[in-house]
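Chain and residue survey
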Amino acid sequence: MSSGMIGWWMLIVLVGSVLGQNEVDTTENDIPQEEDQDEASWFQIDDEDGELTVPELITKYGYRVESHAVISSDGYMLTVFRIAPRQPPEKSQYPVLMVHGLMTSAADYVITGPNNSLAYLLADRGYEVWLANMRGTRYSKGHTSITPDSPEYWDFSWHEMGYYDLPAIIDYIRATSNVSKVHYVGHSQGTTVYFVMSSSRPEYNEKIALMTALSPAVILKRIRSPIGRLTLDLVESLKQLLQALEIYDVFAYNKNYHQLAKSICPKEEKESICYRLVSQICGPNPDAYDRKLMLAFLGHAPAGASVKQLMHFIQLNRSGLFRRYDYGKKGNLQTYSNWKPPSYNLTAASAPVLIYYALNDWLVHPRDVQQFARKLPRVVGLNPVGDKQFNHLDFITAKTAREQLYDKLMPVLDGFND
């Protein structure tokens, strides 16, 4: 059985669990009531945006884009997109590296279109913007010596992304742009991989002007999502099934996902499965949800992940600790010379960190963020988003993301250009 078929099977399980949930009231009174939302959208986007590649999207909206190839020290071939500044900055500014979350891609930061997407807003402000695509995702599935068809290729978690991918990308940007530092913006897993790097390779802290962490997925003890909790309950059975079938990756990018989304979540349907799925996973926020945008987003996600990557996140929840991958006592002794995996030393993450979190985030609980922030030596801001209904995905897709978040963080970023 292929990983694609496993992805379909898992999707069916998730949809079934949504249809069986009663914890989120999705009656019409709670669903956005805008007239003719099937024909219009809060965002300046088109139906075709879910079918275009990221470079095609960026070009469509009038920005100059380049594709760059970066090779990590362990041989993974990564694609990074560069958006040129829309206008010359008034003063010298460091480039901004933006890193996506789990099972997504660089599309996260451009999918809401001009005047709304954070990447475009930064380019409008005179910043050079670099959009990463982490190993194993749609745009970064190459390797210098092994193929994605081999189990060896998928023998990574987000640890390797932080330890190998990010340093390679940061050094490439510094050399290409002739700068000493970069700004870093990460959402969810994009923060996880950063704190792997900054704690395991602390020399890179000197290369970061400001780290902006959006919903940092580092401590994950208090997951509120019913689907997240269901996954935790089923993890051992799922793990055994995947091992028996020799499946090492899940939810690889497939254009058929987009076609499925359009079939089961038509724009004219207010109480769609897609809305209910997002609500059950990320937290309900009907006023910020845009049906047309969600279909475009689902043309780019899921973009792929390794099974080991997912299991590592599940281990974070079960242990309550930010630490290396747990191979079991025997495997840990062979790998770490200790029966427990080592914890990441967050006190070594010395670059300035600006944190934003959401009160209605059902994956990353506010208390977990606050606990995590206390472990860092240089937090310059720990800010809840003002909208109390803001959820985990709203950092990327909310109608109110610019007002509630982007317009607030960009002036702070300006202040760290030395």
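Residues numbered from 1 in each chain as written. Predicted model: local features only at pLDDT ≥ 70, side-chain atom pairs only at ≥ 80, totals over all residues. Heavy atoms only, no water.

Attention shifts here to the overall build of the protein chain. If you tally the helices and strands in the protein chain, you get 14 helices and eleven strands. Its C-alpha radius of gyration of 20 Å places the protein chain within 12% of the 22 Å reference for a compact globule of 418 residues. For the protein chain, the spread of C-alpha atoms along the principal axes amounts to about 55 × 55 × 40 Å. Here the analysis covers contacts within the protein chain between residues at least 6 apart in sequence; of these, 79% occur between residues at least 24 apart. Roughly 16,800 Å² of accessible area belongs to the protein chain as shown, and the carbon and sulfur atoms make up 49% of that amount. Within the protein chain, the 47 negative side-chain charges are centred at a point lying 8 Å from the centre of the 40 positive side-chain charges. (Helix = DSSP H or I, 4+ residues; strand = E, 2+ residues; numbered from the N terminus. Rg over C-alpha atoms; globule rule 2.2 N^0.38 Å. Contact = heavy atoms within 4.5 Å. Areas by Shrake-Rupley, 256 points an atom, 1.4 Å probe, with all protein chains shown as cover. Lys, Arg positive; Asp, Glu negative; His and termini not counted. Charge placed at Lys NZ, Arg CZ, Asp CG, Glu CD.)

On to the state of the cysteines, then. Scanning the entire structure with this criterion turns up one disulfide. Each disulfide pairs two cysteine sulfurs, and for C265 the partner residue is C274, the sulfurs being separated by 2.0 Å. Handedness of the C265-C274 disulfide follows from its S-S torsion of about 95°: it is right-handed. Each of the two residues, C265 as well as C274, counts as buried. Left unpaired, C282 is separated from the closest cysteine sulfur, that of C274, by 12 Å. (Disulfide = S-S within 2.5 Å. Buried < 20%, exposed > 50% of the residue type's maximum accessible area, 1.4 Å probe, protein only.)

Time to look at the nonpolar core. By size, the foremost hydrophobic cluster in this structure holds 61 residues, and its most contacted members are I83, M98, V110, V129, L131 and L409. Setting aside chain neighbours within four positions, we find I83 in contact with I58, Y63, R64, V110, A119, Y120, A123, Y127, E128, V129 and L131. Counting residues in each nonpolar core, the second largest holds 49 residues, with I169, V218, I219 and F313 among its members. (Core = buried A, V, L, I, M, F, W, Y, C linked by side-chain atoms within 4.5 Å.)

Looking now at the environment of L293. With respect to the element layout, L293 can be found in helix α9 (residues 291–297). Under the relative-accessibility criterion, L293 is labelled buried at 1%. Taking the C-alpha atoms as reference points, L293 and E51, 242 residues apart in sequence, are found 12 Å from one another. When near neighbours in sequence (up to four residues on either side) are disregarded, L293 contacts F43, I45, I111, T112 and T397.

Before going further, it helps to examine the confidence of the model for the protein chain. Detailed reading of predicted coordinates is not advised where the pLDDT is low. Mean pLDDT over the protein chain stands at 91; residues scoring 70 or higher make up 90%. Per-element mean pLDDT across the protein chain ranges from 46 in helix α1 (residues 3–19) up to 99 in strand β4 (residues 129–131). Counting interchain partners and residues more than four positions distant, the pLDDT-below-50 stretch residues 1–10 has 22 contacts. Note that pLDDT drops below 50 for residues 15–39; the model gives that stretch 48 contacts with residues more than four away or on any other chain. (pLDDT = per-residue confidence, 0-100.)

What follows concerns unusual backbone geometry. Residue P302 follows A301 across a cis peptide bond; omega there is 5°. Considering the arrangement of structural elements, one finds P302 in the loop between α9 and β9 (305–306). The residue S215 is not glycine, and still its phi comes out positive at about 50°. Note on placement: S215 falls in the loop between β7 (208–214) and α6 (226–244).

Here the focus is the UniProt feature "domain: AB hydrolase-1" (unreviewed entry) in the protein chain. Annotation from UniProt places "domain: AB hydrolase-1" (unreviewed entry) at residues 94–396. Here residues 94–396 is 39% helix and 12% strand, with 23 Å between the C-alpha atoms at its ends. (UniProt positions renumbered as here; feature names shortened; annotations may be inferred.)

Here we take up the packing of aromatic side chains. Counted under the stated rule, the structure contains 21 aromatic pairs. Residues Y275 and Y289 carry aromatic rings whose centres are separated by 5.1 Å and whose planes lie at 80° to one another, so their mutual orientation is edge-to-face. Of the two residues, Y275 is situated in helix α8 (residues 273–282) and Y289 in the loop between α8 and α9; the sequence distance between them amounts to 14 residues. Classification of Y275 by relative accessible area gives buried; the value is 1%. With relative accessibility at 8%, the residue Y289 sits in the buried group. Through a chain of ring-to-ring contacts, three or more aromatic side chains come together here, namely Y76, Y153, W154 and F156. The ring of F156 has R135 lying over it, and the distance from NZ or CZ to the ring centre is 5.6 Å. The ring of Y253 is capped by R138, whose NZ or CZ atom sits 3.8 Å from the centre of that ring. (Phe/Tyr/Trp six-rings, centres within 6.5 Å; stacked < 30°, edge-to-face > 60°. Lys NZ or Arg CZ within 6 Å of the ring centre and 35° of its normal.)

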